[in-house]
Amino acid sequence: MTPEFHTALCTALAHATTPGRAPAMRAYMRDQFDFLGIGTPQRRQAAKPLLQQLKGTGADNLILYARALWEFPQREYQYVAIDLLAMHWKQLELVHIPDLLELVQSKSWWDTVDALAAVIGDVLRYRHDGMDQAIEHNDMWVRRIALLHQLGWRDKVDVERLFNYSLTLAHEKEFFIQKAIGWALRDYARHDADAVRAFTSKEKHRLSALSYREANKHLSAP
């Protein structure tokens, strides 16, 4: 990250800060992270002109900037890193998936992990490179990425992989895994409700109550 970019970004975010907002944002994240106190629309508006300047600078440079932003103590800088990657995801390739998964494992919580899942899903573009390894990873957040990487793919979803991943992790007691299983199944149910209804009915004894409930949240009886 250049000194000029660093100074310009810090100045832009400082001007976008809402006095007194940081404590509530920190409390919402269970006091795990410090915050400047900037809402999402204000942050994106403040950072967008600077992030746009990085268009065409190359995927490796985008990763370097994202890593640098990840080192800042205030959470908004990690959000800016994700905004950067989401804005320029078309410059990223499959070879950068491990770099993105490294970010997943640093300062991990649902906010950054789920946003990175969306970026990874875009980069994969209906492929699954690395996800069979991710579903067995020792880091829970990486396993969550594997569950969520097909969100929004509709008819491009690998249904067998979705169901297998769900059953592979169905035994886990971790809330964020149980929730992700239900979320992934519910998302696919928007495309094929019958398939999800049949799967969850057959495997109800293996799925957690939370996963089952989330998967069937918007499904009516057949």
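Everything discussed here concerns the structure shown above.
On a predicted model such as this, the values are computed, not experimentally measured, just so you know.

Student: Give me the lowdown on the overall build of the protein chain, citing residues and values where you can.
Tutor: Within the protein chain, the regular secondary structure consists of 13 helices and zero strands. Walking the protein chain from its N terminus toward its C terminus, one meets helices and strands in the order α-α-α-α-α-α-α-α-α-α-α-α-α. Over its C-alpha atoms the protein chain spans a radius of gyration of 19 Å, differing by no more than 12% from the 17 Å that the globule rule assigns to 222 residues. Each of the three principal axes of the protein chain carries a C-alpha extent, and together these read 55 × 40 × 30 Å. Of all 222 residues assigned to the protein chain, the portion counted as buried reaches 50%. Taking the intrachain contacts of the protein chain between residues at least 6 apart in sequence as the baseline, contacts between residues at least 24 apart amount to 69%. In the form shown here, the protein chain has an accessible surface area of approximately 11,000 Å², with 51% of it arising from carbon and sulfur atoms. Between the mean site of the 28 positive side-chain charges and the mean site of the 27 negative ones, the protein chain shows a separation of 6 Å.

Student: Let's hear about the packing of helix H11 (residues 175-189) against helix H12 (residues 193-202): which residues, and what values?
Tutor: Close contact between H11 and H12 brings their axes to 7 Å; oriented N to C, the two are set at 145 degrees. Between H11, through Leu185, Tyr188 and Ala189, and H12, the contact on the second element is made entirely by Ala193, Ala195, Val196, Phe199 and Thr200. Residues belonging to the contact of H11 with H12 are distributed by class as follows: seven nonpolar, one polar and no charged.

Student: How would you summarise unusual backbone geometry if you had to cite specific residues and measurements?
Tutor: In the Ramachandran plot, Arg30 falls in the positive-phi region, its phi being about 60 degrees despite a non-glycine side chain. Mapped onto the elements, Arg30 comes out in the loop between helix H2 (22-28) and helix H3 (40-52). Residue classification places Arg30 among the exposed positions, given a relative accessible area of 62%. Its identity is not glycine, yet Tyr126 carries a phi of approximately 75 degrees, on the positive side. Turning to its location among the elements, Tyr126 is positioned in the loop between helix H7 (110-124) and helix H8 (131-134).

Student: Give me the lowdown on the nonpolar core, citing residues and values where you can.
Tutor: Looking at soluble globular proteins, one finds that nonpolar side chains tend to be buried together. Judged by nonpolar contacts, the single largest core of 76 residues is most densely connected at Leu9, Leu85, Leu92, Leu100, Val104, Ile120 and Met131. The biggest single contributor to this core is H11, with eight residues.

Student: Before we move on, can you summarise the packing of aromatic side chains with the specific residues and values?
Tutor: What the rule picks out here adds up to ten aromatic pairs. Measuring from centroid to centroid gives 4.1 Å for Phe72 and Tyr77, while their planes differ by 20 degrees, and the two rings are stacked. Across the pair, Tyr77 and Phe72 agree in class, each one buried. Their ring planes at 80 degrees and their centres at 5.1 Å tell us that Tyr126 and Trp153 sit as a pair that is edge-to-face. In this pair, Tyr126 sits in the loop between H7 and H8 while Trp153 sits in the loop between helix H9 (140-148) and helix H10 (159-168), placing the two residues 27 residues apart along the sequence. Judged by its relative accessible area of 47%, Tyr126 falls in the partly exposed class.

Student: Give me the lowdown on H10, citing residues and values where you can.
Tutor: For H10, every residue scored as buried is listed here: Arg161, Leu162, Phe163, Tyr165, Ser166 and Leu167. The opening residue of H10, the one whose side-chain oxygen lies 3.3 Å from the backbone nitrogen of Glu160, is Asp158.

Student: Give me the pattern of salt bridges: which residues, what numbers.
Tutor: This structure, assessed with the given rule, holds 16 salt bridges. For the salt bridge of Glu172 with Arg143, the shortest nitrogen-to-oxygen distance reads 2.9 Å. Of the two residues, Glu172 is situated in the loop between H10 and H11 and Arg143 in helix H9; the sequence distance between them amounts to 29 residues. On the accessibility criterion, Glu172 (12% relative accessible area) is buried. Assessed through its relative accessible area of 13%, Arg143 is described here as buried. Between Arg161 and Asp158 there is a salt bridge; the shortest N-O distance is 2.6 Å. Through salt bridges that share partners, Arg43, Arg44 and Asp83 make up one connected network.

Criteria and thresholds
- Residues numbered from 1 in each chain as written.
- Predicted model: local features only at pLDDT ≥ 70, side-chain atom pairs only at ≥ 80, totals over all residues.
- Heavy atoms only, no water.
- Helix = DSSP H or I, 4+ residues; strand = E, 2+ residues; numbered from the N terminus.
- Rg over C-alpha atoms; globule rule 2.2 N^0.38 Å.
- Buried < 20%, exposed > 50% of the residue type's maximum accessible area, 1.4 Å probe, protein only.
- Contact = heavy atoms within 4.5 Å.
- Areas by Shrake-Rupley, 256 points an atom, 1.4 Å probe, with all protein chains shown as cover.
- Lys, Arg positive; Asp, Glu negative; His and termini not counted.
- Charge placed at Lys NZ, Arg CZ, Asp CG, Glu CD.
- Axes fitted to C-alpha atoms, helices over the stretch in contact; angles between N-to-C directions.
- Nonpolar A, V, L, I, M, F, W, Y, C, P; charged D, E, K, R; others polar.
- Core = buried A, V, L, I, M, F, W, Y, C linked by side-chain atoms within 4.5 Å.
- Phe/Tyr/Trp six-rings, centres within 6.5 Å; stacked < 30°, edge-to-face > 60°.
- Polar contact = N/O pair within 3.5 Å; in protein donor to acceptor, adjacent residues only side chain to side chain.
- Salt bridge = Lys/Arg side-chain N within 4 Å of Asp/Glu carboxyl O.

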